[in-house]
Each structure stands twice: as structure tokens, then as C-alpha cells.
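# Coordinate inspection notes
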Amino acid sequence: MVVAFCVNGDEQGEWTVLSVSGELDLVTSPALRQRVHDAVADGRHSLVLDLSEVFFCDSSGVGVLIAARRLIRSCQGSLRLILPARGAVEGSHVNRVLGALGVRRLFDVYTDLDEAVAEEAGPLSA
């Protein structure tokens, strides 16, 4: 079974939302890196990465997430990740990978888009 990797962009108020689906790995991670760089180059420094439809993430995918965080922070921007709530079956792989590597605490994580783009939103605890 082949599942296509896809990154779709949208605007939600001040936030640029990149919805990612498929596998985030060595082959596909450069596409996400480019989309993040393009958003920042366009002056959009409030970024939400919706990873709820990503069912596999390897170290290169994690590297892209960490690089995105570093880039956004260098612009005094904000990066938020959307990951399914604990216990959710689909998409929970990214949450587990970030936790296992000890880097989940670096990110502001939300369970859905409405939460992530809310003015007074507070991230889930690591």
C-alpha cells in the first residue's frame, strides 16, 4: 500500500497552517522543510504544523521539526504542533517518537486546530 505524502497550506487568522499527511521520512521531509522555509520567507512567522494525519516519522522528520522550531524562534515567531490526544490510534506515532527521543517538550503541542489557533491557547503538558 502506497500512501502519498502531502502538505497543504491554509490561513487561520494570523496563523499559517501546514497540514501534513502520510509518512514524514528521509524522502518526504525535504518537502516539508521547503514549505516551512517558504512560509517564513513570505513573512509568516506564526506557524501551525498539523501532524494528525502523519502515521510514520523517522529521525529526518524529527530533524525537520526541530529545524522549523529553530527557524521560527530566530524570527521571534511561534510554532505549534497538532498531535492527536493521548490514546488516539491514528497519528499517535509522531507523539511517541518525539517523546521517546526526549524532544516533545521543545514543542507547543495541541490536540486540534481550533485549540492551536486560539488567542489564549496553552499547550498540552509534555
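Computed from a predicted structure; not experimentally measured. Here the residue numbering is sequential within each chain, running from 1 through the sequence in written order. For this predicted model, a pLDDT threshold of at least 70 governs which residues receive local features, and a threshold of 80 or more governs which side-chain atom pairs are given and counted, while totals over whole chains, interfaces and linings are taken from all residues. Calculation of side-chain values draws on the structure's entire complement of heavy atoms; hydrogens and water are dropped beforehand.

### Thoughts on empty space enclosed by the protein
- A cavity here means a set of points on a 1 Å grid, drawn over the protein atoms and nothing else, where a 1.4 Å probe fits but cannot get out; a pocket is an open set with protein on both sides within 12 Å along at least five of seven lines, and a residue lines either one if it has an atom within 4 Å of a point. Grid points are joined across faces, edges and corners, and a volume is the space filled by probe spheres set on the points. Tallied over the entire structure, the rule returns one cavity of 30 Å³ or more.
- Of the volumes computed, that of the largest cavity is approximately 30 Å³.
- Surrounding the largest cavity, Arg33, Val36, His37, Val64, Ala67, Ala68 and Leu71 form its lining.
- At four residues, the largest contribution of residues to the lining of the largest cavity is made by helix 2 (residues 59-74).
- Grouping the constituent residues of the lining of the largest cavity by class yields five nonpolar, one polar and one charged. Secondary structure is summarised from DSSP: a helix means a run of H or I of at least four residues, a strand means a run of E of at least two, and numbering begins at the N terminus for each. Polar here means any residue outside two lists: the nonpolar Ala, Val, Leu, Ile, Met, Phe, Trp, Tyr, Cys and Pro, and the charged Asp, Glu, Lys and Arg; Gly therefore counts as polar.

### Quick word on the packing of helix 1 (residues 29-41) against helix 2
- Axis angles are defined between N-to-C directions and span 0 to 180 degrees, where every axis is a line fitted to C-alpha atoms and, for a helix, only to the segment in contact. Following both chains from N to C, one finds helix 1 and helix 2 inclined at 10°, their axes separated by 9 Å at the closest point. Considering the angle they form, helix 1 stands roughly parallel to helix 2. In this structure, helix 1 uses Ser29, Leu32, Arg33, Val36, His37 and Val40 to contact helix 2, whose residues at the interface are Ser60, Gly61, Gly63, Val64, Leu65, Ala67, Ala68, Leu71 and Ile72. Any angle that is under 35 degrees is reported as roughly parallel, and any over 145 degrees as roughly antiparallel; angles of 65 to 115 degrees are reported as roughly perpendicular and all others as oblique. The contact criterion used throughout is that any non-hydrogen atoms of two residues lie within 4.5 Å.

### Some thoughts on the sheet that holds strand 1 (residues 6-12)
- Strands are labelled as partners when DSSP assigns at least two bridges between them. Taken in spatial order, the five strands line up as 1-2-3-4-5 in an open sheet, and their pairing is mixed. Two strands lie at the open edges of the sheet, namely strand 1 and strand 5 (108-110), each paired on one side alone. When the angles between neighbouring strand axes are averaged without regard to direction, this sheet yields 25°.
- Bridge analysis of strand 4 (residues 78-82) against strand 5 gives three bridges, and the strand direction is parallel. Residue pairing in the sheet places Leu81 in a bridge with Val109 of strand 5.
- On the sheet, helix 1 packs against strand 1, strand 2 (15-24) and strand 3 (46-57) and is oriented at approximately 175° with respect to strand 2.

### Describing the pattern of salt bridges
- One speaks of a salt bridge when a side-chain nitrogen belonging to Lys or Arg is within 4 Å of a carboxyl oxygen belonging to Asp or Glu. All told, the structure shown has two salt bridges when counted by the stated rule.
- Glu11 is the salt-bridge partner of Arg44, the closest N and O atoms lying 2.9 Å from each other. Separated by 33 residues along the polypeptide, Arg44 in the loop between helix 1 and strand 3 and Glu11 in strand 1 bring together distant segments of the chain.
- To sort residues, take the accessible area from a 1.4 Å probe on protein chains only and compare it with the maximum for the residue type: under 20% means buried, over 50% means exposed, and anything in between is partly exposed. You can call Arg44 partly exposed: its relative accessible area is 28%.
- Under the relative-accessibility criterion, Glu11 is labelled partly exposed at 40%.
- The partner of Arg44 in a salt bridge is Asp42, with the nearest N and O atoms 2.8 Å apart.
- Judged by relative accessible area, which is 55%, Asp42 ranks as exposed.

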